[in-house]
Amino acid sequence: MARVKINFPEKECKSYTIAVRITDVNYGNHVGNDAIVSIMHEARMQWLTSHGYSELKVGGASLIMADLAVEYKNESFYGDVLSVEICADEISAVSFQIYYNMSNADGKLIALAKTGMVCFDYDARKVKAIPAEFKKFLEG
């Protein structure tokens, strides 16, 4: 079986902590795959808002997710506080990748992930160039 393999970039990333909620736990008594994606979304929102952006406002454009890949590595449980490192890479004229490295307080890797993000104009319903100010932020 072919498996997803994510190569986390070797660059400076920002880190955010997110506590696992009871609603994140599934019938297997561990964090569900859908909750991992929600935790990634929360980390992405914290990353954007800490720099004055939101998914709807990135300097004249909005963001839309084009794809998602997750490489699940270990279980996480209720009460865990996860550290999510996040950074952007593979920046083009209209799109970029956001990478996520999620680990627990003991440093155990829980998941690696990436989301392909595209700048988008929701009024015109079409792709838009990454605004210069936001591109500078992405490039670090």
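Keep in mind the model is a prediction, meaning the values are calculated, not measured.

What counts, and where the lines are drawn
Residues numbered from 1 in each chain as written. Predicted model: local features only at pLDDT ≥ 70, side-chain atom pairs only at ≥ 80, totals over all residues. Heavy atoms only, no water. Helix = DSSP H or I, 4+ residues; strand = E, 2+ residues; numbered from the N terminus. Expected span 1.5 Å × (residues − 1). Buried < 20%, exposed > 50% of the residue type's maximum accessible area, 1.4 Å probe, protein only. Phe/Tyr/Trp six-rings, centres within 6.5 Å; stacked < 30°, edge-to-face > 60°. Arc of directions from axis to C-beta. Contact = heavy atoms within 4.5 Å.

In this model, helix α1 (residues 33–49) (17 residues) spans 25 Å end to end at C-alpha, consistent with the 24 Å of a helix rising 1.5 Å per residue. Those residues of α1 lying buried are Ala35, Ile36, Ile39, Met40, Ala43, Arg44, Trp47 and Leu48.

This structure, assessed with the given rule, holds 7 aromatic pairs. Judged by centre distance (5.3 Å) and plane angle (45°), the rings of tyrosine 53 and phenylalanine 137 are tilted. On the criterion of sequence distance, the pair formed by tyrosine 53 in the loop between α1 and β2 (62–72) and phenylalanine 137 in helix α2 (residues 132–139) is long-range, its members being 84 residues apart. The burial state of tyrosine 53 is the same as that of phenylalanine 137; both residues are buried. When the ring of phenylalanine 134 is compared with that of phenylalanine 137, the centres are 5.6 Å apart and the planes differ by 35°; the resulting orientation is tilted. Highlighted residues: phenylalanine 134 and phenylalanine 137, both in helix α2, separated by 3 residues, approximately one helical turn. For phenylalanine 137, a relative accessible area of 17% translates into the label buried. One aromatic cluster is present, built from ring pairs that chain together Trp47, Tyr53, Phe96, Phe134 and Phe137.

When we look at burial in α2, the residues that qualify are Phe134, Phe137 and Leu138. Taken around the axis of α2, the buried residues stretch over an arc of 100°, which confines them to a single face. Turned more than 90 degrees away from the buried face of α2, the exposed residues are Ala132, Glu133, Lys136 and Glu139. Packing partners of the buried residues in α2 comprise α1, β2, β3 (81–89) and β4 (95–103). Directly beyond the C-terminal end of α2, a positive phi value near 80° is found at glycine 140.

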